[in-house]
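Inside the fold
These are the residues of each chain, in order.
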Amino acid sequence: MKSDIIFICGSCKKQTPKWMGRCPQCGAWNTIVEQQAAPKKALFRIAPKENGGILALSEIPSDSSPRLTTGIQELDRVLGGGIVPRSLILVGGDPGIGKTTLLMQALAELAHNGVTTLYISGEESAEQLKLRADRLGIASASFFVLIENQLETIIDKLSEVQGSIIVLDSVQSIFSKTNEGHAGSVNQVRYVCGRILETVKRGTASCFIVGHVTKDGALAGPKVLEHMVDTVLYFEGERNHPYRILRAVKNRFGSVSEIGVFEMSDSGLNEVANPSELFLAERPLGVSGSVVTALVEGSRPILAEIQALVTGPIPGQGRRTCLGTDSQRLALMIAVIEKKIGFTFGDHDIFLNAVGGVKANEPSSDLAVAAALISSYTDRMIPAGTLVFGEIGLSGEARRVSRAQARINEAARLGFQKVVAPRSNVEDGSKSGMKMVGVSGVTELMTALFDE
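What comes next is a walk through the structure. (Residues numbered from 1 in each chain as written. Predicted model: local features only at pLDDT ≥ 70, side-chain atom pairs only at ≥ 80, totals over all residues. Heavy atoms only, no water.)

Here a disulfide denotes a covalent bond joining the sulfur atom of one cysteine to the sulfur atom of another. Evaluation of the coordinates by the stated rule reveals 0 disulfides. Cys9 takes part in no disulfide bond, and the closest cysteine sulfur to it belongs to Cys23, at a distance of 3.7 Å. (Disulfide = S-S within 2.5 Å.)

What follows is about the side chain of Thr31. When you line up the elements, Thr31 lands in the loop between β2 (15–16) and β3 (32–36). On the basis of relative accessibility, which here comes to 18%, the residue Thr31 falls in the buried class. Beyond its immediate stretch of four places on either side in the chain, Thr31 contacts Ile8, Cys9, Gly10, Ser11 and Cys23. (Helix = DSSP H or I, 4+ residues; strand = E, 2+ residues; numbered from the N terminus. Buried < 20%, exposed > 50% of the residue type's maximum accessible area, 1.4 Å probe, protein only. Contact = heavy atoms within 4.5 Å.)

Spatially, 9 strands are ordered β6-β5-β7-β8-β4-β9-β10-β11-β12 in an open sheet, and the strand pairing comes out mixed. This sheet does not close on itself; its edge strands, each paired only once, are β6 (143–147) and β12 (268–271). Across this sheet, the average inter-strand angle for adjacent strands is 25 degrees, counted without regard to direction. (Pairing = 2+ DSSP bridges. Axes fitted to C-alpha atoms, helices over the stretch in contact; angles between N-to-C directions.)

This part covers the pairing of strand β5 (residues 117–121). Of all 5 residues making up β5, 5 are buried, and the element is well covered by its neighbours. The side-chain alternation of β5 yields two buried faces, one formed by Thr117, Tyr119 and Ser121 and the other by Leu118 and Ile120. Where β5 meets β6, 5 bridges bridge the pair, whose relative direction is parallel. Considered in β6, the bridge of Leu118 is made with Phe144. Note that the unit made of β5, helix α3 (residues 126–136) and β6 has a crossover that is right-handed. Both β5 and strand β7 (residues 165–169) contribute to a ladder of 5 bridges, which runs parallel. Along β7, the bridge assignment pairs Leu118 with Ile166. (Right-handed = clockwise from strand over helix to strand, strands pointing away.)

Okay, helix α10 (residues 404–413) next. Restricting attention to buried positions, one finds in α10 the residues Ala404, Arg407, Ile408, Glu410 and Ala411. Projection of α10 onto a plane perpendicular to its axis shows the buried side chains occupying an angular sector of 160 degrees, all on one side. Looking at the packing, one finds that the buried side of α10 touches α7 (275–280), β13 (290–297), β14 (300–311), β17 (386–388), β20 (418–422) and β21 (435–439). Among the residues trailing α10, Gly415 stands out with phi positive, at a value near 90 degrees. (Arc of directions from axis to C-beta.)

On inspection of all chains with the given rule, the structure shows 18 salt bridges. Taking the shortest distance from any N to any O, the salt bridge between Asp230 and Arg252 comes out at 2.8 Å. Of the two residues, Asp230 is situated in the loop between α6 (224–228) and β9 (231–236) and Arg252 in the loop between β10 (243–251) and β11 (259–265); the sequence distance between them amounts to 22 residues. The class for Arg252 is partly exposed, based on a relative accessible area of 46%. Counted as one network, the salt bridges with shared partners bring together Glu74, Arg77 and Arg300. (Salt bridge = Lys/Arg side-chain N within 4 Å of Asp/Glu carboxyl O.)

Across the interface, helix α8 (residues 327–340) lies against helix α9 (residues 366–378) with an axial gap of 10 Å and an inter-helix angle of 60 degrees. On the basis of the axis angle, α8 is oblique to α9. Crossing hand, α8 versus α9: right-handed. For the pair α8 and α9, contact is made by Arg329, Leu330, Met333, Ile334 and Ile337 and by Asp366, Val369, Ala370, Leu373 and Ile374, respectively. Looking at the contact of α8 with α9 residue by residue, the classes come out as 8 nonpolar, no polar and 2 charged. (Parallel < 35°, antiparallel > 145°, perpendicular 65-115°, else oblique. Left-handed = near helix turned anticlockwise from the far one by under 90°. Nonpolar A, V, L, I, M, F, W, Y, C, P; charged D, E, K, R; others polar.)

As structure tokens, then:
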């Protein structure tokens, strides 16, 4: 087997794949020498400390350790009921969205209940964290802070806080002195996450890792980062908008459909127990292009407003702009309406918005999108107490959606009087006390919406 050989500049320590007369980094001549490469080490190993081996599933004892609730119900819901012992949780989001605020509030609640918590910051000083803690009203003897960005020192310190909840902020700011690359590089991020994973799985603590995101909204660093951790959470929202949505995109211990809703205030993040009322609080009345639909996020039905603005005709091809909705589904709805009803949208500008920062991407919002487009195009108002939901196929047919009864019950609780839904879902609302109007396709939508 051929041994690994590397070439290193004796002046600047630059490594090259082959010998060169002149170093490409420092420009020195005849300084590159041949060396034997150090043996490669495994990135991490999560096997238990005791003697392991192949075991029958029945031989493995069940872990009876209960989940640890943070005291923030919206966060616990997204986690699947609380923090699972020895779990690694990755939290991503745009800069300034509130990741640090949320995690500090969670640690404060845990510390208040007697849990030892440790906040490791590789980006902020102790004084900066103290200023934030004072603003959030955090003062606990069980809330510890470590300002460090060298991995080896962090792992040594973790042995002093066994059984705790740890936050590492952020993984891109931590580096290992034994690994190549600067902090935040692909090699460093992969290695740091692997070593933290090894420490957590072989210890007793659970750990939150804060991750930066790219300009496209994806977590920065290698994709393997998301595969390594147990749970991936995204904190979403606009910095100029007070509402934030916490969403799980991976969860080994619970559903990935749950969301948590928060409102940012001067004193931190406040939980929003009833998102439907929040998203509909400022809904305009007596205007066209506005309709309410029912979305289901995990176990929670949420009523949200869909707004459409159709303007024109204009010379040339019209614009298509979507916020919080799927542009592909908008194109599908436009094509179906043009084909089945005869409207012409080609020379009109169309703007579609899911109000409040929600993501109306599920097929059940198709009928509401079509209703908003028709309402704005004809400049006719949809009655304020009307709920619209249903999926639309390419033939213009209205298809049944799941969890219809939960959607209808949420609308009834908020005082809605009429539901426009696929005919196959009408029976689901027979006991709600509301007027149920079933449609078999988009061609019946105008009659269902505007005829009393």
